[in-house]
Amino acid sequence: MNNLSVWILAWAAGGVLGALFFGGLWWTVRRSIISAHPALWVLGSLLLRIALVLPAFYLVAGGRWERALACLLGFLMARGVLIWLAGPLHRQPEAATREAGHASQP
């Protein structure tokens, strides 16, 4: 396999790892909101996600910094895609004002 195909595979593996890591984070936050013990969910999820991602990064890199960089790029791009899919972080200011005004009226 030539170098370009190896880098593309490392980038794709990083994307999959990023989707698993940040998708797991999203699931954990949603689950911890309704849980009686949210700290256990958050800590347990963090340890599990790190335990899965770090060895996978090590295996994908194979001792080559170029592959590690391609994997990291895919990982971060997956983060960006998941943020985009999750929607805007903030509501429109008019909608928030309208809701606040509605709540204060008897």
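Scroll up to find the structure.
A. Highlighting the overall build of the protein chain. On a plain count of helices and strands, the protein chain comes out with 4 helices and 0 strands. Going from the N terminus to the C terminus, the protein chain shows its helices and strands as α-α-α-α. Here the protein chain, with 106 residues, has 22% of them falling under the buried criterion. For the protein chain, long-range pairs separated by at least 24 residues make up 66% of all intrachain contacts whose partners lie at least 6 apart in sequence. Taken as a whole, the protein chain presents about 8200 Å² of accessible surface, with 73% of it coming from carbon and sulfur.

B. The pattern of salt bridges, seen in detail. In this structure the tally under the stated criterion is 1 salt bridge. Across the pair Arg64 and Glu66 runs a salt bridge whose closest N-O atoms are separated by 3.3 Å. Look at Arg64 and you get partly exposed, because its relative accessible area is 42%.

Rules behind the numbers
- Residues numbered from 1 in each chain as written.
- Predicted model: local features only at pLDDT ≥ 70, side-chain atom pairs only at ≥ 80, totals over all residues.
- Heavy atoms only, no water.
- Helix = DSSP H or I, 4+ residues; strand = E, 2+ residues; numbered from the N terminus.
- Buried < 20%, exposed > 50% of the residue type's maximum accessible area, 1.4 Å probe, protein only.
- Contact = heavy atoms within 4.5 Å.
- Areas by Shrake-Rupley, 256 points an atom, 1.4 Å probe, with all protein chains shown as cover.
- Salt bridge = Lys/Arg side-chain N within 4 Å of Asp/Glu carboxyl O.

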